[in-house]
Amino acid sequence: MAKELRYGMVGGSVYAFIGEVHRKAIAFDPRAELVCGCFSNIPSENEDTAKAYGIDPGRMYADYKEMAKAEAAREDGIDFVSICTPNFLHYEIAKEFLLAGINVVCEKPLCFEVAQAEELEALAKEKDLLFAVTYTYPGYTMSRVMKDMIAAGKIGKIAAVNAEYVQDWLINELEPQEGAKENLSVWRKDPKFSGISNCVGDIGTHIEAYVNYVTGLKIKRLAATTNKYGHALDLNANILVEYDNGVNGAYWCSQIAAGHYNGLVVRVFGDQGALEWRQEQPDYLYYTPKGQAMQVLTRGGNGIDQPAGGYSRLPVGHPEGLYVAFANIYRDYVTALIEKKAGRPYDTSSITMVDAGVDGVKFVHAVVESAEKDSAWVEL
Ligand SMILES: NC(=O)c1ccc[n+]([C@@H]2O[C@H](COP(=O)([O-])OP(=O)(O)OC[C@H]3O[C@@H](n4cnc5c(N)ncnc54)[C@H](O)[C@@H]3O)[C@@H](O)[C@H]2O)c1
């Protein structure tokens, strides 16, 4: 049966990391079909991926510009493109597809410069296209339950936020050994490919986007320290933030924290209680109403009376994970696009769209500027 939408991908060969996750996630709800791609700048990797996914050889493109042009000209051209390349290419690729009139899903961080991010946002608006940025973690069911509970006043007025995203995969970079295998993937290490930040751009932006998603709070200003340990870009950062309502938060992101893998932990404290979510145990949400014992809310389990509980796909006790988080993001994006194409009302409120991408770029710049100015407060 023909699927309702067609999509293409730039980057994300079968040898890469996140593109494969995107493809699998889209396939959870079989409404969008992969029909074309420019999966790699390395011809053999592009071909291997096109073959693995049964792509018509005429729709395997050596160049993303050619792909945007050719797909825009086809009757049966793609409805959206997923961009899964390294950071330095996001801006030019996204711009090319927007100019061609094609909807975009782009990996984070959106791009290097604030002006570029704002240009992409304006272009999407002008062309009336749906532009999502895949921040991943809001896709988990219990993140959405957390957002609903905060909006429903379950923890009252927010008084403080504390969040971290910590990993240890670059711990060897603290003391690089002569002749040792490089651990920092080439493009992440080099400002030409990664931008002005490594760790903050890669995982600090997830904290910023997540807190905004679940609380609605926007950062007004921040003060930061970053640690490079002799490298060109940061591997660790501590960030104090002040939101637009005057409340403070503290963020820590690190790639040198021994014993931590993908430790995104977000704690939101209100005057009536607290909520805490941990990405490594994503099916649980820790809820402490003021004056009561902590409750462990479980995805698919009793006591989840929030609408977002409906995102749960497996019975309680069968763990869901990262693929499903991406699948939920794509489920909402594809639904919005189908409704929009049909001229019906559509809803993007559960998806991090291009405006969240713009905020992420501003956040990275503010952190780097503050760290360079001896941790001075920097307005966003
Ligand atoms: N949302 C998340 O949780 C998450 C997780 C990991 C990575 N990411 C983001 O995804 C992006 C890719 O990261 P990755 O870890 O998959 O990187 P990767 O290096 O594993 O993959 C990059 C892919 O892009 C391809 N590519 C490079 N130049 C190209 C070009 N000119 N045309 C077409 N393809 C090209 C490469 O061949 C490769 O297939 C980055 O922006 C990263 O920040 C996001």
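To keep things clear, this report deals only with the structure shown in the data block. (Residues numbered from 1 in each chain as written. Predicted model: local features only at pLDDT ≥ 70, side-chain atom pairs only at ≥ 80, totals over all residues. Heavy atoms only, no water.)

**Let's talk about the overall build of the chain**
Phase 1: Of regular secondary structure, the chain possesses 11 helices and 14 strands.
Phase 2: Relative to the globule expectation of 21 Å for 380 residues, the C-alpha radius of gyration of the chain, 21 Å, shows essentially globular dimensions.
Phase 3: Each principal axis of the C-alpha distribution contributes one length, and for the chain these read about 65 × 55 × 40 Å.
Phase 4: Counting across all 380 residues of the chain, residues that qualify as buried make up 53%.
Phase 5: For the chain, restricting intrachain contacts to residue pairs at least 6 apart in sequence, the fraction spanning at least 24 positions comes to 68%.
Phase 6: A total accessible area of about 16,500 Å² is found for the chain, and carbon and sulfur atoms account for 52% of it.
Phase 7: Charge-centre separation for the chain: the mean point of 37 positive side chains lies 4 Å from the mean point of 51 negative side chains. (Helix = DSSP H or I, 4+ residues; strand = E, 2+ residues; numbered from the N terminus. Rg over C-alpha atoms; globule rule 2.2 N^0.38 Å. Buried < 20%, exposed > 50% of the residue type's maximum accessible area, 1.4 Å probe, protein only. Contact = heavy atoms within 4.5 Å. Areas by Shrake-Rupley, 256 points an atom, 1.4 Å probe, with all protein chains shown as cover. Lys, Arg positive; Asp, Glu negative; His and termini not counted. Charge placed at Lys NZ, Arg CZ, Asp CG, Glu CD.)

**A look at the side chain of Ser143**
Phase 1: Mapped onto the elements, Ser143 comes out in helix α6 (residues 141–151).
Phase 2: Residue Ser143 is classed as buried on the basis of its relative accessible area, which comes to 0%.
Phase 3: If near-sequence neighbours (up to four positions away) are discounted, Ser143 is found in contact with Tyr137, Pro138, Tyr210, Val214 and Trp277.

**Focus: the site of the ligand**
Phase 1: Taken together, 27 residues lie around the ligand, and Ser40, Asn87, Glu107, Lys108 and Thr136 are the ones closest in.
Phase 2: Between the ligand and the protein, one listed contact pairs an oxygen atom with a backbone N or O atom of Ser13 at 3.1 Å.
Phase 3: Between the ligand and Phe17 there is a distance of 3.1 Å, counted from an oxygen atom to a backbone nitrogen or oxygen.
Phase 4: Cavity membership is defined here by more than half of the atoms lying within 2 Å of grid points; on that basis the ligand lies in the largest pocket. (Near = heavy atom within 4 Å. Polar contact = N/O pair within 3.5 Å; in protein donor to acceptor, adjacent residues only side chain to side chain. 1 Å grid on protein atoms, 1.4 Å probe; cavity = no way out; pocket = protein on both sides within 12 Å on 5 of 7 lines; lining within 4 Å. Sits in = over half its atoms within 2 Å of the grid points.)

**Here we look at the sheet that holds strand β10 (residues 263–270)**
Phase 1: Taken in spatial order, the 9 strands of this open sheet run β13-β12-β11-β10-β6-β9-β8-β7-β14, and their pairing is mixed. The sheet terminates laterally at β13 (295–298) and β14 (378–379), the two strands that pair on one side only.
Phase 2: Summarising the sheet, strand β7 (residues 219–227) and β14 pair through 2 bridges and their orientation is antiparallel. Bridge assignment links Leu222 to a residue of β14, and that residue is Val378.
Phase 3: Docked against the sheet, helix α11 (residues 354–372) engages β7, β8 (236–243), β9 (248–254) and β14, running at close to 55° with respect to β7. (Pairing = 2+ DSSP bridges. Axes fitted to C-alpha atoms, helices over the stretch in contact; angles between N-to-C directions.)

**Quick notes on the pairing of β13**
Phase 1: The pairing of strand β12 (residues 284–289) with β13 spans 4 bridges and is classified as antiparallel. Each residue of the ladder has a partner; that of Tyr286, found in β13, is Val296.
Phase 2: What sits between the antiparallel neighbours β12 and β13 is a turn of 5 residues, in which Gly291 has the positive phi angle 80°.

**Topic: the sheet that holds strand β4 (residues 103–107)**
Phase 1: On the basis of which strands lie adjacent, the open sheet formed by 5 strands has the order β2-β1-β3-β4-β5 and parallel pairing. Sheet topology places β2 (32–38) and β5 (131–134) at the edges, where each strand pairs with a single neighbour. Across the sheet, the mean angle from the axis of one strand to that of its neighbour is 20°, orientation sign disregarded.
Phase 2: As paired elements, strand β1 (residues 5–11) and strand β3 (residues 80–84) share 5 bridges and run parallel to each other. Residue pairing in the sheet places Tyr7 in a bridge with Phe80 of β3.
Phase 3: The strands touched by helix α4 (residues 90–99) are β1, β3, β4 and β5; relative to β4, the strand with the most contacts, the crossing angle is about 170°.

**Topic: the state of the cysteines**
Phase 1: All told, the structure shown has 0 disulfides when counted by the stated rule.
Phase 2: For the unlinked cysteine Cys106, the closest cysteine sulfur is that of Cys111, found at 8.1 Å.
Phase 3: The class of Cys106 is buried, set by a relative accessible area of 0%.
Phase 4: Free cysteine Cys253: the closest other cysteine sulfur is in Cys199, separated by 3.8 Å.
Phase 5: The class of Cys253 is buried, set by a relative accessible area of 1%. (Disulfide = S-S within 2.5 Å.)

**Section: the layout of surface pockets**
Phase 1: Considered as a void within the structure, the largest pocket measures approximately 1,100 Å³ in volume.
Phase 2: As for the largest pocket, its lining consists of 44 residues, and the residues nearest its centre are Ile18, Cys84, Pro86, Trp187 and Arg188.
Phase 3: Counting residues per element, the ones that place at least two in the lining of the largest pocket are β1, α4, α7 (186–189), α9 (199–215) and α10 (322–341).
Phase 4: Taken together, the residues of the lining of the largest pocket sort by class into 24 nonpolar, 14 polar and 6 charged.
Phase 5: Inspection of the lining of the largest pocket shows a minimum of three residues originating in each of domain 1 (5–129) and domain 2 (140–310 + 359–379).
Phase 6: Its volume calculated, the second largest pocket comes out at about 210 Å³.
Phase 7: Surrounding the second largest pocket, 13 residues form its lining, Ala124, Lys125, Leu129, Leu130 and Val354 being those nearest its centre. (Points joined across faces, edges and corners; volume = space filled by probe spheres on them. Nonpolar A, V, L, I, M, F, W, Y, C, P; charged D, E, K, R; others polar. Domains from an automatic or database assignment.)

**Observations concerning the packing of helix α5 (residues 114–127) against α11**
Phase 1: Running from N to C, α5 and α11 cross one another at 175°; their axes reach a closest spacing of 9 Å. Classed by the angle they form, the pair α5 and α11 counts as roughly antiparallel. Counting all contacts with α5, which are made through Val114, Ala117, Glu118 and Glu121, the residues of α11 involved are Val354, Asp355, Val358, Val361, Lys362 and His365.
Phase 2: Across the contact of α5 with α11, the residue classes tally to 5 nonpolar, 1 polar and 4 charged. (Parallel < 35°, antiparallel > 145°, perpendicular 65-115°, else oblique.)

**As for the nonpolar core**
Phase 1: Within the largest apolar cluster, 48 residues are counted, with the highest numbers of intra-cluster contacts made by Met146, Leu222, Ile239, Tyr243, Tyr251, Trp277 and Leu285.
Phase 2: Of all the elements, α9 adds the most residues to this core, at 8 residues.
Phase 3: What Tyr251 contacts, discounting residues up to four positions off in sequence, is Val161, Ala163, Ile207, Glu208, Val211, Ile219, Ala237, Asn238, Ile239, Val241, Tyr243 and Phe363.
Phase 4: Counting residues in hydrophobic clusters, the runner-up holds 35 residues, among them Ala68, Val81, Leu110 and Val358. (Core = buried A, V, L, I, M, F, W, Y, C linked by side-chain atoms within 4.5 Å.)

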